[in-house]
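As a plain string of letters, each chain reads:
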Amino acid sequence: MNAAPQEIRQLLAAAARALPGVEGRHEAELLLLHVLGRERGWLFAHATDLLDPATAEAFAVLLQRRIAGEPVAYLLGRRGFWTLDLGVSPATLIPRPETERLVELALERLPEGVPLRIADLGTGSGAIALALASERPLAQIVATDMSADAIAVAAGNARQHGLANVAFRQGSWHAPLADERFDLIASNPPYIASDDPHLAQGDLRFEPATALASGHDGLDDIRLIIAGAPAHLQPGGWLLMEHGWDQGEAIRALLEGAGFVEVETALDLEQRDRVSLGRWPTTQR
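None of the values given here were measured: they were computed from a predicted structure. Throughout, residues of each chain are indexed from 1 in the direction in which the sequence is written. Owing to the predicted nature of the model, reporting of local features is limited to residues with pLDDT of at least 70; listing and counting of side-chain atom pairs is limited to 80 or more, with chain, interface and lining totals taken over all residues. Here the side-chain values reflect all heavy atoms present in the structure, with hydrogen atoms and water set aside.

**Looking at the overall build of the protein chain**
This is how it is decided: Under the scheme used here, helices are H or I runs from DSSP no shorter than 4 residues and strands are E runs no shorter than 2 residues, and both carry numbers assigned from the N terminus. Any residue under 20% of the maximum accessible area for its type is buried, any over 50% is exposed, and the rest in between are partly exposed; the area is computed with a 1.4 Å probe on protein chains only. Every residue pair with non-hydrogen atoms within 4.5 Å of one another is taken to be in contact. Each accessible area is a Shrake-Rupley estimate made with a 1.4 Å probe; only the visible protein chains count as cover when residues are assessed. Charge assignment: positive for Lys and Arg, negative for Asp and Glu; neither His nor the chain ends contribute. A charged residue contributes its charge at one atom only: NZ of Lys, CZ of Arg, CG of Asp or CD of Glu.
Along the protein chain, the regular secondary structure elements total 10 helices and 11 strands. For the protein chain, the spread of C-alpha atoms along the three principal axes comes to 75 × 40 × 35 Å. Burial status across the protein chain gives 51% buried among its 285 residues. Taking as baseline every contact in the protein chain between residues at least 6 positions apart, the subset at least 24 positions apart corresponds to 64%. Carbon and sulfur atoms provide 53% of the accessible area of the protein chain, an area that totals close to 13,300 Å². Here the protein chain carries 24 positive and 38 negative side-chain charges, and the mean point of each set is 2 Å from the other.

**Looking at unusual backbone geometry**
Glycine aside, a negative phi is what most residues show, and trans is what most peptide bonds show. The backbone of A178 shows a phi angle near 55°, a positive value even though the residue is not glycine. For A178, the position within the fold is in the loop between β7 (166–170) and β8 (182–187). Residue A178 is classed as exposed on the basis of its relative accessible area, which comes to 54%.

**Describing the pattern of salt bridges**
Formally: Salt-bridge detection follows one rule: a side-chain nitrogen of Lys or Arg within 4 Å of a carboxyl oxygen of Asp or Glu.
Applying the stated criterion across every chain, the model contains 18 salt bridges. For R25, the salt bridge is made with E29, and the minimal N-O distance between the two is 3.0 Å. Of this pair, R25 and E29 are both found in helix α2 (residues 24–36), 4 residues apart, which corresponds to roughly one turn of the helix. On the basis of relative accessible area, R25 is assigned to the partly exposed category, the value being 38%. The exposure class assigned to E29 is buried, which follows from its relative accessible area of 8%. Salt-bridge contacts for E70 lead to R65; the nearest nitrogen and oxygen are separated by 2.7 Å.

**Some remarks on α2**
The line we're drawing: Take the residue count of a helix, subtract one, and multiply by 1.5 Å to get its expected span.
The terminal C-alpha atoms of α2 lie 18 Å apart, and with 13 residues this matches the ideal 18 Å at 1.5 Å per residue to within 8%. Considered for burial, the residues of α2 that qualify are G24, E27, A28, E29, L31, L32 and L33. Against the buried residues of α2 lie α1 (8–18), α3 (41–45), β2 (50–51), α4 (53–67) and α5 (72–76). Remark: G37 follows α2 within two positions and exhibits a positive phi of approximately 70°.

**Comments concerning the packing of helix α9 (residues 220–228) against helix α10 (residues 248–257)**
What describes two packed helices is the angle between their axes and the distance between those same axes. To keep things clear, this is the line we draw: Interaxial angle, 0 to 180 degrees, is taken between N-to-C directions of lines fitted to C-alpha atoms, where a helix line uses only the stretch in contact. Under this scheme an angle from 65 to 115 degrees is roughly perpendicular, one under 35 degrees roughly parallel, and one over 145 degrees roughly antiparallel; angles in between are oblique. Helix crossings fall into two classes, left-handed where the near helix is turned counterclockwise from the far one by less than a right angle and right-handed where it is turned clockwise.
It is the contact of α9 with α10, at a shortest axis distance of 10 Å, that shows an interaxial angle of 25°. For the element pair α9 / α10, the angle class is roughly parallel. Between α9 and α10 lies a crossing of right-handed hand. Along the contact surface, α9 presents I222, R223 and I226, while α10 presents I251, L254 and L255.

**Here's the deal with the pairing of strand β5 (residues 117–121)**
Keep this limit in mind: Only strands that DSSP links by at least two bridges are regarded as paired with each other. Here, the term right-handed applies to a crossover whose path from the first strand over the helix to the second runs clockwise when the strands point away from the viewer.
The buried fraction of β5 is high, at 4 of 5 residues. Inspection of the sheet shows β5 paired to strand β6 (residues 140–145) by 5 bridges, in the parallel sense. Across the sheet, residue A119 finds its bridge partner in β6, namely V142. Taken together, β5, helix α7 (residues 127–135) and β6 form a β-α-β motif whose crossover is right-handed. In the sheet, β5 pairs with β8 via 4 bridges, with the strands oriented parallel. The residue of β8 that forms the bridge with I118 is L184.

**Here we look at the nonpolar core**
Convention followed: Think of a nonpolar core as a cluster: buried Ala, Val, Leu, Ile, Met, Phe, Trp, Tyr and Cys residues, connected wherever their side-chain atoms sit within 4.5 Å.
Ranked by size, the top nonpolar core spans 35 residues in total, and within it L130, L132, I141, V166, F168, L184 and L240 carry the most contacts. Discounting chain neighbours no more than four positions away, the residues touching L132 are V103, A106, L107, L110, I118 and I141. Of all hydrophobic cores here, the second largest spans 23 residues; its members include I226, I251, F260 and V263.

Spelled out as structure tokens, the structure:
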């Protein structure tokens, strides 16, 4: 880019051409607005403004990082999820729209106006826990994660949104739950096979591998979650897990083998298997 001041519209047009894919223009705008500290509407009134060289250089640095493949969410340090604007970092997965399907299914099983206990295992940025906390303010939620850095990000997001009904605990899956029992346990665990070539492509290259991959078939952590859930569910409590498009049948079999009832797999907006769930029986057979 030229050192001389450029009009914002010219800068954005050049950036959009440099970025791959159909989202190039949108991503260029997001990066520039981040540097400027402005909202998107500002661009329409200032398209012909000249951008000073220092600001243009800061934008160029972010642009080059994006061209190299770094996710926009990490460059901005933010990602929207549900009704929340969440801080993210390379210590956390980037919240994705398909995970909102898990939130929807959980809310269908969590009556309003009732004190409830919920656990979110592998919380990352806190997306699931905080979405549920915002919709069910009487619920008490425990969110766990192995990563201290992820816990710090999630706790910061809770403070930002004033959600005091979430407690964050560091540890592996159910371990931080001690002997507590919950009305619902939710998780978006790692579910990609460890030798899947997609792990070396796109945004996944920059996300924490331990939050993505789980054994030769991607189900190692899901097996652990299913095996440990009965000790932490109230009779009639629910377990919900997000997973890959081709894993529904295997996970339903695992749930049924562990003694869960009302087992099913829900589809996402693209009609692919996305969330499998089951209910712990109210009486043991």
